[in-house]
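Structural features, examined
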Amino acid sequence: GESVGLHLPTLSVQEGDNSIINCAYSNSASDYFIWYKQESGKGPQFIIDIRSNMDKRQGQRVTVLLNKTVKHLSLQIAATQPGDSAVYFCAARFGNEKLTFGTGTRLTIIP
Amino acid sequence: GAVVSQHPSRVICKSGTSVKIECRSLDFQATTMFWYRQFPKKSLMLMATSNEGSKATYEQGVEKDKFLINHASLTLSTLTVTSAHPEDSSFYICSARGGAQETQYFGPGTRLLVL
């Protein structure tokens, strides 16, 4: 089965700096990946997704990079703001199977 | 992004009562809905997967008679916690999958406190 892990449980970044959150997955057959942001007391919020036929995808201030060779996924947040403080989860899926979630990284933006 | 709603957002009940939580996909038809449970400072734990019109598939260790799931339509799923006990207190989150990309979106969650 799939297991998804994150390299760091916590990350502190100065406001205005860029942040990078990393994630590793185990199932090389996984073909769909999502990053979610969860603020305290709320449900996970979809940030960005990427399919395995892509290496990079950009959104507003966010970029997801996928390295299938080493089964690694990262989320880059540009020019971090206080509102970016949250727990970030990566998730991986193969076909129509259920999503497998990582343990989460708590991002703290330092003013 | 797509909108998934949950109701109620918070509920406090006495031990032994049953609680129903509704989950709706507001702007898309959900082929599949999921129910998760989340403990403080932990990741999401999948409880069950449901498809419209069919029985839910429960994860190992989740009691199907305790957590009743009904997926009546492509936009509505309900979770009923039957005979709730204090250990059922938790944050319950639904999720709906649909659209061309089969992306999965989450509801805002329901905080259940059983006294």
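Everything below is about the structure printed above this text.
Read on for a plain summary of the structure. Quick caveat: nothing in here was measured; it's all calculated off a predicted structure.

Comments concerning the pairing of strand β5 (residues 44-51) of chain B
Residue and element names in this part refer to chain B.
- Burial within β5 is extensive, with 6 of its 8 residues counted as buried.
- In terms of strand pairing, strand β4 (residues 30-38) meets β5 through 7 bridges, oriented antiparallel. Across the sheet, W35 pairs through a bridge with A48, a residue of β5.
- Connecting the antiparallel pair β4 and β5 is a turn made up of 5 residues, with K41 showing a positive phi of about 60 degrees.
- As defined by bridge partners, β5 adjoins strand β6 (residues 57-58) across 2 bridges and the pair is classed as antiparallel. Paired with T49 across the bridge in β6 is T57.
- The hairpin turn running from β5 into β6, its antiparallel successor, is 5 residues long, and G53 in that turn takes a positive phi close to 85 degrees.

Side note on the interface of chain A and chain B
- Taken residue by residue, the interface counts 21 residues in chain A and 20 residues in chain B.
- Both sides of the chain A and chain B interface together cover about 1500 Å² of buried area, and 50% of this is carbon and sulfur.
- Summed over the three residues of chain A that lose the most area to chain B, namely A:P44, A:K98 and A:F101, the buried surface amounts to 29% of that side.
- Where chain A touches chain B, the interface holds 1 salt bridge.
- With a shortest N-O distance of 2.5 Å, A:K98 and B:E59 are connected by a salt bridge.
- Elements represented by at least two residues in the side of chain A that touches chain B include exactly β4 (32-38), β5 (45-51) and β9 (86-93) of chain A.
- Looking at the side of chain A that touches chain B element by element, the count peaks at 4 residues for β4(A).

Conventions and cut-offs
Residues numbered from 1 in each chain as written. Chains lettered and ligands numbered in written order. Predicted model: local features only at pLDDT ≥ 70, side-chain atom pairs only at ≥ 80, totals over all residues. Heavy atoms only, no water. Buried < 20%, exposed > 50% of the residue type's maximum accessible area, 1.4 Å probe, protein only. Helix = DSSP H or I, 4+ residues; strand = E, 2+ residues; numbered from the N terminus. Pairing = 2+ DSSP bridges. Contact = heavy atoms within 4.5 Å. Buried area = accessible area lost by both parts, 1.4 Å probe. Salt bridge = Lys/Arg side-chain N within 4 Å of Asp/Glu carboxyl O.

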